[in-house]
Amino acid sequence: KAGVTQTPRYLIKTRGQQVTLSCSPISGHRSVSWYQQTPGQGLQFLFEYFSETQRNKGNFPGRFSGRQFSNSRSEMNVSTLELGDSALYLCASSLADEQFFGPGTRLTVL
Amino acid sequence: AQSVTQLGSHVSVSEGALVLLRCNYSSSVPPYLFWYVQYPNQGLQLLLKYTTGATLVKGINGFEAEFKKSETSFHLTKPSAHMSDAAEYFCAVISSNDYKLSFGAGTTVTVRA
């Protein structure tokens, strides 16, 4: 069974731009969660989607948004990028209590 | 709300020595507890988890952890460290009525030859 895939793996943007990251969950998994990982703040929960509905949200500004499609694939969007948005963005899919993580997208904002 | 605290941001052990990583949790409802490992430039891989039942949990790569409710702890151990154990380890908690993982700050393990 294929694991969680994330595209792209690496991304470089400049301040003020917007970015869209994609996550394909494990087949059959309906829940997708997103996390931001930085050296200073560690791993922080962004949001979780289940059956195309946002079920949980972390404490991030409205510039961070997401959505989930009918095939459970998910995207997250960050608008008006700031230098502090540079991070590894991890996606995880789950069927029950266990979350399976993708390799992440490394976003660098210049 | 639930949270975890990992004691020690860096641990250095000799190859063949015991690995002990400490994790204490705070949760208002029965917690589900996890240990994840992250190798450089990779995502997180689940080592083991505790949900209900047996309090001593065995995971992959020879790791195990014991859930101690009285001490609110979930420490990770491995009897004999291997060079391949060098990585960053994260303890995490999720409450039974929530779906978001709360992670500890992580512990970086280095293994000396």
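Relevant structure appears above.
A brief structural summary. (Residues numbered from 1 in each chain as written. Chains lettered and ligands numbered in written order. Predicted model: local features only at pLDDT ≥ 70, side-chain atom pairs only at ≥ 80, totals over all residues. Heavy atoms only, no water.)

### As for the environment of A:S93
All names here are of chain A.
And step 1. Here S93 is to be found in strand β9 (residues 87-94).
And step 2. Using a relative accessible area of 0% as the deciding quantity, one classes S93 as buried.
And step 3. Taking the C-alpha atoms as reference points, S93 and R106, separated by 13 residues in sequence, lie 18 Å from one another.
And step 4. A distance of 3.3 Å separates the side chain of S93 from the backbone nitrogen of I26, its partner in a polar contact.
And step 5. Of the polar contacts made by the side chain of S93, one reaches the side chain of H29; its length is 2.8 Å. (Helix = DSSP H or I, 4+ residues; strand = E, 2+ residues; numbered from the N terminus. Buried < 20%, exposed > 50% of the residue type's maximum accessible area, 1.4 Å probe, protein only. Polar contact = N/O pair within 3.5 Å; in protein donor to acceptor, adjacent residues only side chain to side chain.)

### Thoughts on empty space enclosed by the protein
And step 1. Across all of its chains, the model carries one cavity of 30 Å³ or more by this definition.
And step 2. Approximately 40 Å³ is the volume found for the largest cavity. (1 Å grid on protein atoms, 1.4 Å probe; cavity = no way out; pocket = protein on both sides within 12 Å on 5 of 7 lines; lining within 4 Å. Points joined across faces, edges and corners; volume = space filled by probe spheres on them.)

### Quick look at the layout of surface pockets
And step 1. Considering only enclosed or pocket space, the largest pocket measures out at about 320 Å³ in volume.
And step 2. Lining the largest pocket are 18 residues, with A:Q37, A:P39, B:Q38, B:E88 and B:F90 sitting closest to its centre.
And step 3. Sorting the residues of the lining of the largest pocket by element identifies β4 (31-38) of chain A together with β9 (87-95) of chain B as the ones contributing at least two each.
And step 4. The leading source of residues in the lining of the largest pocket is β9(B), at three residues.
And step 5. In the lining of the largest pocket, the residues fall into seven nonpolar, nine polar and two charged.
And step 6. Put simply, the second largest pocket is a space of about 250 Å³.
And step 7. A:L43, A:Q44, A:F45, A:G58, A:N59, A:F60, B:A1, B:Q2, B:K100, B:L101, B:S102 and B:F103 together form the lining of the second largest pocket.
And step 8. Residue assignment for the lining of the second largest pocket shows that the elements contributing at least two residues are β5 (42-50) of chain A together with β10 (102-103) of chain B.
And step 9. Tallying contributions element by element places β5(A) first for the lining of the second largest pocket, with three residues.
And step 10. Broken down by class, the residue content of the lining of the second largest pocket amounts to six nonpolar, five polar and one charged. (Nonpolar A, V, L, I, M, F, W, Y, C, P; charged D, E, K, R; others polar.)

### A short note on the state of the cysteines
And step 1. In total, this model carries two disulfides over all chains according to the counting rule given.
And step 2. Residue A:C23 pairs covalently with A:C91 via a disulfide, S to S 1.7 Å. Its S-S torsion of about -50° marks the bond between A:C23 and A:C91 as left-handed, since a negative value means left-handed. Here A:C91 lies in strand β9 and A:C23 lies in strand β3 (residues 19-24), a separation of 68 residues in the sequence. Pair check on accessibility: A:C23 and A:C91 agree, each one buried.
And step 3. The disulfide partner of B:C23 is B:C91, and the gap between their sulfur atoms is 2.0 Å. On the S-S bond that ties B:C23 to B:C91, the torsion sits near -65°, and the link is left-handed. (Disulfide = S-S within 2.5 Å.)

### Focus on the pattern of salt bridges
And step 1. Tallied over the entire structure, the rule returns nine salt bridges over all chains.
And step 2. A salt bridge links B:K49 to A:E98; its shortest N-O distance comes to 3.2 Å. Residue B:K49 is located in strand β5 (residues 44-50), and its partner A:E98 is located in the loop between β9 and β10 (99-101); the two belong to separate chains.
And step 3. Given the relative accessible area of 29%, B:K49 is considered partly exposed.
And step 4. Put simply, A:R63, A:E82 and A:D85 are held in one network by salt bridges that share partners. (Salt bridge = Lys/Arg side-chain N within 4 Å of Asp/Glu carboxyl O.)

### Some details on the packing of aromatic side chains
And step 1. Taken as a whole and judged by the stated rule, the model has 13 aromatic pairs over all chains.
And step 2. Arranged with centres 5.2 Å apart and planes meeting at 65°, the rings of A:F60 and A:F64 form a pair that is edge-to-face.
And step 3. Exposure remark for A:F64: the relative accessible area of 5% places this residue in the buried category.
And step 4. Taken together, a centroid distance of 5.3 Å and an interplanar angle of 80° make the contact between A:F101 and B:Y36 edge-to-face. On the criterion of chain membership, the pair formed by A:F101 in strand β10 and B:Y36 in strand β4 (residues 31-38) is interchain, its members lying in two chains. (Phe/Tyr/Trp six-rings, centres within 6.5 Å; stacked < 30°, edge-to-face > 60°.)

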